[in-house]
Amino acid sequence: MRALILKRYGKSNQLAFADIAKPNIRPDEILVQVHAVGLNPIDYMIPKGTFKPILKFKLPAVMGSDLAGVVVEVGSRVTRFKTGDAVYASIFDLGTGSLAEYAVVPESAAAIKPEKLNFIQAASIPMVGLTAWQALKERAHIQPGQQVFIPAGSGGIGTFAIQLAKYLGAKVATTTSTNNVALVRHLGADEVIDYKKQAFEKLLRGYDVVLGTVRGDGIERSLQILKPDSRVISLIGPPDAAFASKRGMGILMKLIFGLISHKIIRLAKKRDIEYSFMFVHPDGQQLSEIGKLLDAGHIQPVVDQVFSFDKTIEALAYLEAGRAKGKVVVSLI
């Protein structure tokens with residue numbers, strides 16, 4: 001099969017297409033013919049070695065994590081899926097990749113594709129959907145009437161997280177550029193701040209949750225808008241010692257992560273705010289629940305551009321440029 005492979009880490013592009021053997025599955029896995037792959041920022045960060053201390057890849061490795069496609073083979077212990085089922089999944093951090101003609105997916109990571117979504121739309125969902133679900137519903141326990149700040153509202157995470165937060169009953173504030181104000185308002189944002197014209201920390205007060213999605217000093221600035229006993233859930237770092245412990249890392253990594261997160265944790269504690277770093281994990285059951293929201297029309301997929309498989313490297317460069325509204329998807333069919 002054809003696949004996009006990372007041969008080695010490096011600052012310049014280290015990705016290349018290759019013909020490799022179709023993978024074999026274990027008893028608890030399914031083999032999926034991939035129809036579409038949703039791209040995420042981590043897909044262009046991994047080849048540069050950004051996550052080398054955290055993610056363990058056996059190189060050469062197939063890239064990509066989000067997918068939608070059709071089951072062509074099931075393992076002997078699989079009970080939830082059969083050949084011919086249309087499914088979607090995230091296989092992030094599972095040691096395998098989705099940017100290939102076929103992908104191995106653990107049964108526990110997959111869900112039936114939402115009926116009302118095509119394969120392109122479905123492939124755009126898994127990582128952003130699971131990230132928003134795990135941050136806002138599982139970790140922040142968003143309740144109706146709470147106030148949530150989700151910066152970069154027109155990006156992949158933002159477009160989904162705004163809609164989920166609104167479904168959970170929260171008031172949502174976001175930042176975006178002038179051209180995207182109408183989009184994020186359409187998605188449900190109550191307070192929209194043009195970051196080129198205004199500083200969000202000057203306008204917002206009394207918030208319960210901040211979802212950290214923007215690199216730079218945004219996390220520190222966001223502490224000013226939060227009330228006591230509130231939360232910052234960061235998706236972009238710095239990772240903390242609790243994260244290292246959860247991943248079973250050694251004493252050295254716990255120490256390093258503890259040191260690099262010390263400043264933000266100290267500043268947060270001064271204001272009685274809890275800071276934590278979050279890494280998404282695959283979960284087919286959560287994708288099933290997300291699929292219900294999508295089929296019911298509570299959440300709409302937002303796809304910016306679709307690239308053909310042979311243009312995947314260009315698609316990653318386009319995503320890295322930071323101009324996408326919603327998700328960038330690669331089509332294999």
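Nothing here was measured: the structure is a model prediction, and the numbers come from that model. Throughout, residues of each chain are indexed from 1 in the direction in which the sequence is written. Residue-level local features of this predicted model are given only where pLDDT is at least 70; pairs of side-chain atoms are given and counted only at 80 or more, and the full residue set underlies all totals for whole chains, interfaces and linings. No hydrogens and no water enter the side-chain calculation; it runs on all heavy atoms of the structure.

Q: Can you walk me through the overall build of the protein chain in this structure?
A: Numbered from the N terminus, helices here are DSSP runs of H or I no shorter than four residues, and strands are runs of E no shorter than two. Scanning the protein chain from N- to C-terminus turns up twelve helices and 16 strands. Its C-alpha atoms give the protein chain a radius of gyration of 20 Å, near enough to 20 Å, the size a compact globule of 333 residues would have. The dimensions of the protein chain, computed from C-alpha atoms along their principal axes, are 55 × 45 × 35 Å. Expressed as a percentage of its 333 residues, the buried residues of the protein chain come to 55%. For the protein chain, the accessible surface area stands at approximately 14800 Å², while carbon and sulfur atoms represent 51% of it. Working convention for charge: Lys and Arg count positive, Asp and Glu count negative, and His plus the chain ends are omitted. We put the charge of a Lys on NZ, of an Arg on CZ, of an Asp on CG and of a Glu on CD. Side chains of the protein chain carry 41 positive and 30 negative charges; the gap between the two charge centres is 6 Å. Radius of gyration here is computed from C-alpha atoms only, and the compact-globule reference equals 2.2 Å multiplied by the residue count raised to the power 0.38. Accessibility here uses a 1.4 Å probe with only protein chains present; expressed as a share of the type maximum, an area under 20% marks a residue as buried, one over 50% as exposed, and anything in between as partly exposed. Residue exposure ignores everything except the shown protein chains as possible cover, and the areas themselves are Shrake-Rupley values with a 1.4 Å probe.

Q: When you look at the sheet that holds strand β11 (residues 191-194) in this model, what are you seeing that I'm missing?
A: In a beta sheet, neighbouring strands are held together by backbone hydrogen bonds and run either parallel or antiparallel to one another. Strands sit in the order β11-β10-β9-β12-β13-β14 across an open sheet of six strands; the sheet is parallel. This sheet does not close on itself; its edge strands, each paired only once, are β11 and β14 (273-277). Sheet twist, expressed as the average angle between the axes of neighbouring strands with direction ignored, equals 15 degrees. One requirement defines pairing of two strands: DSSP has to find at least two bridges between them. Looking at chain direction, strand β9 (residues 147-149) and strand β10 (residues 171-176) are connected through three bridges and run parallel. Bridge pairing in β10 links V148 to V172. With axes taken as lines fitted to C-alpha atoms, and helix axes fitted only over the stretch in contact, angles between N-to-C directions fall between 0 and 180 degrees.

Q: I'm lost on the packing of helix α3 (residues 126-139) against helix α11 (residues 284-295) in this one. Help?
A: When two helices pack together, you describe them by how their axes are tilted relative to each other and by the distance separating the axes. Running from amino to carboxyl end, α3 crosses α11 at an angle of 95 degrees, the nearest separation of the two axes being 10 Å. In terms of orientation, α3 lies roughly perpendicular with respect to α11. Facing α3, whose interface residues are P126, G129, L130, W133, Q134 and E138, α11 presents Q286, L287, E289, I290 and L293. Gly falls in the polar group here, along with every residue not listed as nonpolar (Ala, Val, Leu, Ile, Met, Phe, Trp, Tyr, Cys, Pro) or charged (Asp, Glu, Lys, Arg). Counted by class, the contact of α3 with α11 contains six nonpolar, three polar and two charged residues. When describing relative orientation, an angle under 35 degrees is termed roughly parallel and one over 145 degrees roughly antiparallel, while 65 to 115 degrees is termed roughly perpendicular and anything else oblique. Contact definition: two residues touch when any of their heavy atoms are within 4.5 Å.

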